[in-house]
Amino acid sequence: MQMTDLICQRILLKLSGEALMGGGDFGIDPAVIQRVSEEIMELVNAGIQIGLVIGGGNIFRGAGLAQGGFDRVRGDHMGMLATVMNSLAMQDALSRIDGDAVVFSALQMPDVCETFTARGARCALDEGKVAILAAGTGNPYFTTDSAASLRAVEIKADLMIKATKVNGVYSADPVKDPQAVFYPKLTYDRALAENLQVMDATAIVLCRDNEVPLRIMNINDPGALMRLMQGEEIGSLVV
Ligand code: UDP
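Since we're looking at a predicted model, the values are computed, not measured. (Residues numbered from 1 in each chain as written. Predicted model: local features only at pLDDT ≥ 70, side-chain atom pairs only at ≥ 80, totals over all residues. Heavy atoms only, no water.)

**A word on the pattern of salt bridges**
Line of reasoning, step 1. Counted by the stated rule, this structure contains 17 salt bridges.
Line of reasoning, step 2. For Arg 190, the salt bridge is made with Glu 194, and the minimal N-O distance between the two is 2.8 Å.
Line of reasoning, step 3. Residue Arg 190 is classed as partly exposed on the basis of its relative accessible area of 32%.
Line of reasoning, step 4. A relative accessible area of 39% means that Glu 194 is categorised as partly exposed.
Line of reasoning, step 5. Among the charged side chains, a network of salt bridges with common partners joins Lys 14, Asp 145 and Lys 162. (Salt bridge = Lys/Arg side-chain N within 4 Å of Asp/Glu carboxyl O. Buried < 20%, exposed > 50% of the residue type's maximum accessible area, 1.4 Å probe, protein only.)

**Some points on the nonpolar core**
Line of reasoning, step 1. If you look at the biggest cluster of nonpolar residues, it comprises 44 residues, and the most contacted ones within it are Ile 40, Met 90 and Met 229.
Line of reasoning, step 2. Sorting the residues of this core by element identifies β1 (10-15), α1 (30-45), β2 (49-54), α3 (72-96), β3 (101-105), β5 (130-134), β6 (159-164) and α8 (224-229) as the ones contributing at least two each.
Line of reasoning, step 3. Apart from residues lying up to four places away in sequence, Met 229 is in contact with Asp 5, Leu 6, Ile 7, Cys 8, Ile 11, Leu 43, Ile 48, Leu 159 and Ile 161.
Line of reasoning, step 4. The next biggest cluster of nonpolar side chains, apart from the first, holds 31 residues, and it includes Ala 118, Tyr 183, Met 199 and Ile 204. (Core = buried A, V, L, I, M, F, W, Y, C linked by side-chain atoms within 4.5 Å. Helix = DSSP H or I, 4+ residues; strand = E, 2+ residues; numbered from the N terminus. Contact = heavy atoms within 4.5 Å.)

**Considering the UniProt feature "binding site: ATP" (unreviewed entry) in the chain**
Line of reasoning, step 1. The sites that carry the UniProt feature "binding site: ATP" (unreviewed entry) are, in the present numbering, Lys 14, Leu 15, Ser 16, Gly 17, Gly 57, Arg 61, Thr 164, Tyr 170 and Asp 173. The greatest C-alpha distance among the annotated residues, which extend across 160 residues, is 24.5 Å, indicating that they are dispersed rather than converging on a single site. Checked against the lining of the largest pocket, the annotated residues reduce to Lys 14, Ser 16, Gly 17, Gly 57, Arg 61, Thr 164, Tyr 170 and Asp 173.
Line of reasoning, step 2. By secondary structure assignment, the location of Gly 17 is in the loop between β1 and α1.
Line of reasoning, step 3. Beyond its immediate stretch of four places on either side in the chain, Gly 17 contacts Gly 55, Gly 56, Gly 57, Asn 58 and Asn 86.
Line of reasoning, step 4. Structurally, Tyr 170 can be placed in strand β7 (residues 169-170).
Line of reasoning, step 5. Tyr 170 gets classed as buried once you look at its relative accessible area, which sits at 17%.
Line of reasoning, step 6. Here Tyr 170 is in contact with Ala 180, Val 181, Phe 182, Tyr 183 and Leu 196, once residues within four sequence places are set aside. (UniProt positions renumbered as here; feature names shortened; annotations may be inferred. 1 Å grid on protein atoms, 1.4 Å probe; cavity = no way out; pocket = protein on both sides within 12 Å on 5 of 7 lines; lining within 4 Å.)

Structure (C-alpha cells):
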C-alpha cells in the first residue's frame with residue numbers, strides 16, 4: 001500500500017482503559033490487547049505514525065476513589081499510575097509481535113519508562129516507533145481524553161481518534177435510549193452546546209482551538225482502524 005492512499009500520516013489514538021477489559025469488569029483481557037496491538041501494527045507497517053494514549057478506567061479512576069473516601073489528588077495519582085500499567089501492557093503486547101514502542105510518562109519513573117517530552121515523542125514517531133503517552137497530563141483533575149487532545153496537539157497529529165465501545169456520537173446514550181440519533185459529522189461547538197458524550201469539554205476545546213479533527217469510533221469493529229485510514233467513513237467526525 002502507498003502512503004498516498006492513506007488519509008493520515010500521524011495520528012493520536014486514544015483507547016479508554018475499559019476498551020482493554022473485553023467482557024470483564026476490571027483489568028486487561030489478553031485477547032483484546034493482542035487484537036488491538038495487531039491492528040496498531042497493521043497501521044505502523046503501512047507507514048502511519050501512532051501516538052497512543054490509554055486511559056486507566058479499567059483499574060482506577062480518581063473521581064470514583066474520591067467517592068469512596070479517598071483524597072482526590074491521591075486518587076488521581078492512582079488513576080495516572082493505572083494508565084502507566086496499561087501502557088506497559090500495550091508495549092509488551094506490541095513487542096510480542098515485533099512492534100517497537102516507547103512508553104513516555106508525564107510522571108517521572110526512569111526505571112520503568114521514558115519521561116515525556118514532545119520532542120522525544122516526535123523523534124520516536126519519526127523513527128517509526130509507536131509512542132505510548134502514559135500518565136495522562138501528569139496533573140490531577142484531568143482526564144486521559146484531555147491528555148490525548150493535548151498530546152495530539154503536541155505531536156502535531158493529523159487526526160485524533162477516540163476508540164470507544166460505541167459506534168460514534170449519538171444524541172443520547174444508544175445503550176439506554178433506542179431512539180438515539182447517530183451523528184456522522186458534527187462541529188466541536190455542537191458537541192459542547194448539546195453536551196454530547198464525545199469527550200469532556202476541556203478535551204474538545206483543545207482540539208477545536210488547535211484544529212485537530214476528531215474521529216469517534218468503535219474499537220470492537222475489527223479492521224475498522226485500517227479501513228478508516230483508507231478513507232472509509234467510519235464512526236463520527238467532529239470538526
Ligand atoms: N488522570 C489524572 N490526570 C490526567 C489523566 C488521568 O488525574 O491527566 C487520572 C484520573 O483519576 C482518571 C484516571 O487517571 O480518572 C484514569 O483516566 P481516565 O478516567 O481518563 O481513563 P479512561 O476513562 O479513558 O479509561
